[in-house]
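# Structural overview
Residue strings, one per chain:
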Amino acid sequence: MPDNFLFEAILQKIAKTRRHRKAVYALSKSFWVLTGLLLTALLCYHIDKALVLSATARVAWNGLLLGGGTLGIVAFCLVEALRKLPDSLLAEHIEQTFPALNERLLTVISLFPQLTTPQGTVSTGFSAVFERRLIEETRQEADSLDFRRSVSKKPLRNATLALVLMIGLTFCDRALATDAFDNWLNRMAHPYDDIAPWANTRVWLTPDKKLLPSGERLSLAVTTRGVTTATATLFYRNEQDSNWQKVELRNPTPSKDKEGGLVFKHHFAALSQTTLLKATANDGKSNEQKVIVEALPTLLGFQMKLHFPAYMNRPVQTLPTPNEKEKDSLTSDGNIVAPVGTKVEI
């Protein structure tokens, strides 16, 4: 049998080539994922700039960017790590890269697969002298060769070029509107904060309450900063309605905040349903706000015991008076008339 040590040396070089190929392809696919993430991020930036994404939408975009990117890279790396690359396939690529091997490597790998096992007892049909000489010649020729050069770098070059171009496009986008881009990053990093979308006139809408009982008054302020404006527009609609109503706001007052700006105010006499609000001024748009309206709690179906003052010398009275024949009489709506000092037990 041929010397297993010589054969193992060849297999080790092929194993290094296998690991190198997996690393190259995993890295190239990771670069494609990063390129897709940057493209998705730029798309999110321009959508937010045009439509003003809600807090929920920004959280969803964050999940898509961070979760999708992480899962994509991990998935591609696992696929490459688990991919089976037989010695014969790698030997074929090595032979194509190094014609000087004259197909000796492929012959050794194809004809002597049993040498990879401890037994190595399967007959190849060739004499031991021929086997040893073939392996020695292959080993001598392979010693000076770097089999890793047989791994094509084209996928990695293409992915790197795409990623570099995408990074360049991202920097150009930021350079054209640095403040707007940085403001978008801040909005994405803190989706639930009321960070106004960037514009020449930035707009904030602030209701005095986010939760109201039905029929109660609501006051709100629309604050503008940047390019001044004499008017602002308030849009509102019920949560079940798709049509926005609008109100023109005028006569702003200077803001008392240290950041300055102008403040427009508006009041709703009574809100009966959950209401969505947003405002615009010049080219600026506010984040959408939601005021939840809920019905006041009402006590129904109870009895009251009246404990009169001691000076009246009256027994405890139950309202309404229990009447087994009239079941409705066993409940009360809470309306009573009683002397001052009377204690009521519900």
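Now for a quick tour of the structure. (Residues numbered from 1 in each chain as written. Predicted model: local features only at pLDDT ≥ 70, side-chain atom pairs only at ≥ 80, totals over all residues. Heavy atoms only, no water.)

### Overview of the sheet that holds strand β13 (residues 343–345)
Across the sheet, three strands lie side by side as β12-β11-β13; this open sheet has antiparallel pairing. Whereas interior strands pair on both sides, the edge strands pair on one side only; in this sheet they are β12 (317–319) and β13. Taken pair by pair, the neighbouring strands of this sheet meet at an average axis angle of 30°, ignoring direction. Here three bridges tie strand β11 (residues 304–307) to β13, and the two strands are oriented antiparallel to one another. From the neighbouring strand, H307 faces β13, where its bridge partner is K343. (Pairing = 2+ DSSP bridges. Helix = DSSP H or I, 4+ residues; strand = E, 2+ residues; numbered from the N terminus. Axes fitted to C-alpha atoms, helices over the stretch in contact; angles between N-to-C directions.)

### Describing the packing of aromatic side chains
Scanning all chains against the criterion turns up five aromatic pairs. Judged by centre distance (5.1 Å) and plane angle (75°), the ring pair of Y236 and F268 falls under edge-to-face. Linking Y236 in strand β4 (residues 232–238) with F268 in strand β7 (residues 262–271), this pair joins segments that are 32 residues apart in sequence. Given the relative accessible area of 25%, Y236 is considered partly exposed. An aromatic cluster is present here, built from Y45, F181 and W184 joined pairwise through their rings. In this structure, R314 packs its charged tip against the face of F308, placed 4.0 Å from the ring centre. (Phe/Tyr/Trp six-rings, centres within 6.5 Å; stacked < 30°, edge-to-face > 60°. Buried < 20%, exposed > 50% of the residue type's maximum accessible area, 1.4 Å probe, protein only. Lys NZ or Arg CZ within 6 Å of the ring centre and 35° of its normal.)

### Some points on helix α3 (residues 87–97)
Among all positions of α3, only L90, A91, I94 and E95 are buried. Seen along its axis, α3 keeps its buried residues to an arc of 140°; they face one direction. (Arc of directions from axis to C-beta.)

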